[in-house]
Amino acid sequence: MKKQEATSCGRISFILRYAYNTEQLVVKILKALDLPAKDANGFSDPYVKMYLLPDRKKKFQTKVHRKTLNPIFNETFHFNVPFNDLQNRKLHFSIYDFDRFTRHDLIGQVVLDNLLDFSNPTEETPIWRDILEASSVSV
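Residues numbered from 1 in each chain as written. Predicted model: local features only at pLDDT ≥ 70, side-chain atom pairs only at ≥ 80, totals over all residues. Heavy atoms only, no water.

Scanning all chains against the criterion turns up seven aromatic pairs. Summarising the aromatic geometry, the rings of Phe-14 and Phe-93 are spaced 4.7 Å apart at their centres and angled 35° between planes, so their arrangement reads as tilted. Pair noted here: Phe-14 is in strand 1 (residues 8-19) and Phe-93 is in strand 6 (residues 90-97), with a separation of 79 residues, a long-range link. On the basis of relative accessible area, Phe-14 is assigned to the buried category, the value being 0%. Classification of Phe-93 by relative accessible area gives buried; the value is 0%. Between Phe-60 and Phe-79, the aromatic rings sit 4.9 Å apart at their centres with planes inclined by 80°, giving edge-to-face as the arrangement. On the criterion of sequence distance, the pair formed by Phe-60 in strand 4 (residues 59-61) and Phe-79 in strand 5 (residues 72-80) is long-range, its members being 19 residues apart. A residue is classified by how much of its surface remains accessible, and Phe-60, at 17% relative accessible area, is buried. Given a relative accessible area of 2%, Phe-79 falls into the buried group. The rings of Tyr-18, Tyr-20 and Phe-83 are connected pair by pair, giving a single aromatic cluster. (Phe/Tyr/Trp six-rings, centres within 6.5 Å; stacked < 30°, edge-to-face > 60°. Helix = DSSP H or I, 4+ residues; strand = E, 2+ residues; numbered from the N terminus. Buried < 20%, exposed > 50% of the residue type's maximum accessible area, 1.4 Å probe, protein only.)

Structural data, given as structure tokens:
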């Protein structure tokens, strides 16, 4: 069975770090680029939701940025997770377009596994990932 070609819905940039002293995965969402327009005005009102899979109990959400396809978030979030659990976890980003009166539109998703590879405690190198259409992401 051939894997469906994923359609890119822009890119997202973030920094991951593991704070050993507090046993926290620190996620700083920097920005997104080239998001698709979901509103009639030619823009979107994007925000990002994050889960640390497999459990969806704890979720974080950025602020909504109005009328932009290139939002700059610069928001930091902390997931409490023991170091030994990191290899079993995936970081799941969902990028949405906020709509005041209807259901928010899902723009796309990013799923990051191998969190140990990215969580250097000292290095703060931005990671860039393509945002993929929801139908082409396996969680």
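There is more to say, and it comes next.
Right, let's get into the pattern of salt bridges. Considering all chains together, one arrives at four salt bridges under this definition. The closest approach of N and O atoms between Asp-130 and Arg-11, which form a salt bridge, is 2.7 Å. One end of the pair, Asp-130, is in strand 8 (residues 127-132); the other, Arg-11, is in strand 1, with 119 residues separating them in the sequence. Arg-66 is the salt-bridge partner of Asp-45, the closest N and O atoms lying 3.9 Å from each other. Taken together, the positions of Asp-45 in the loop between strand 2 (24-33) and strand 3 (46-53) and Arg-66 in the loop between strand 4 and strand 5 put the pair 21 residues apart, joining distant regions of the chain. (Salt bridge = Lys/Arg side-chain N within 4 Å of Asp/Glu carboxyl O.)

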